[in-house]
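An overview of the molecular structure
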Amino acid sequence: MSYFDGYAQGPVNINQEVKFKLTKYGQKILDDHNAEVRATCKMLADYSATKIDGEGVHVMQLHTAMRVFGGKNIGFSEPPFENCVMTVLR
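To keep things clear, this report deals only with the structure shown in the data block.

What counts and what doesn't
- Residues numbered from 1 in each chain as written.
- Predicted model: local features only at pLDDT ≥ 70, side-chain atom pairs only at ≥ 80, totals over all residues.
- Heavy atoms only, no water.
- Helix = DSSP H or I, 4+ residues; strand = E, 2+ residues; numbered from the N terminus.
- Polar contact = N/O pair within 3.5 Å; in protein donor to acceptor, adjacent residues only side chain to side chain.
- Axes fitted to C-alpha atoms, helices over the stretch in contact; angles between N-to-C directions.
- Parallel < 35°, antiparallel > 145°, perpendicular 65-115°, else oblique.
- Contact = heavy atoms within 4.5 Å.
- Nonpolar A, V, L, I, M, F, W, Y, C, P; charged D, E, K, R; others polar.
- Buried < 20%, exposed > 50% of the residue type's maximum accessible area, 1.4 Å probe, protein only.
- Pairing = 2+ DSSP bridges.

Points about the environment of T40
- For T40, the location among the structural elements is in helix 1 (residues 24-40).
- Among the polar contacts listed, one links the side chain of T40 to the backbone oxygen of E36, at a separation of 2.7 Å.

Considering the packing of helix 1 against helix 2 (residues 62-69)
- Running from N to C, helix 1 and helix 2 cross one another at 95 degrees; their axes reach a closest spacing of 10 Å. Between helix 1 and helix 2, the crossing angle belongs to the class labelled roughly perpendicular. Residues G26, I29, L30 and H33 of helix 1 lie in contact with helix 2, whose contacting residues are R67, V68 and F69.
- Looking at the contact of helix 1 with helix 2 residue by residue, the classes come out as four nonpolar, two polar and one charged.

Concerning the side chain of T23
- For T23, the location among the structural elements is in the loop between strand 1 (17-20) and helix 1.
- Of the residues examined, T23 reaches a relative accessible area of 18% and is grouped as buried.
- Setting aside anything within four residues of it in sequence, one finds T23 in contact with E78, P79, P80, F81 and E82.

Topic: the pairing of strand 3 (residues 58-61)
- Bridge analysis of strand 1 against strand 3 gives four bridges, and the strand direction is antiparallel. By the bridge assignment for strand 3, K19 is matched with V59.
- With two bridges connecting them, strand 2 (residues 51-52) and strand 3 associate as antiparallel partners. In the strand pairing of strand 3, I52 is matched with H58.
- Here strand 2 folds back onto strand 3 in antiparallel fashion, the turn holding five residues, of which G56 has a positive phi close to 80 degrees.

Here's what the structure looks like:
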């Protein structure tokens, strides 16, 4: 029996999509990222790194989430994800 039994069912690919809910801090990180991309390229005026469903659940590829939130998700800061949970979609 492995430590990961019951948690991950096989390897995770960084191209897989993940879903999560954001805290206010996480939403600020995402808004800042989106604003920076929009300012960099005028053709991306309606850019958003995530898709959002009606319940406020964000979906994006894992590598994008790592790029957007990775530098801000450190041990002593407020977590960007509600309940510190990010679910890998299969």
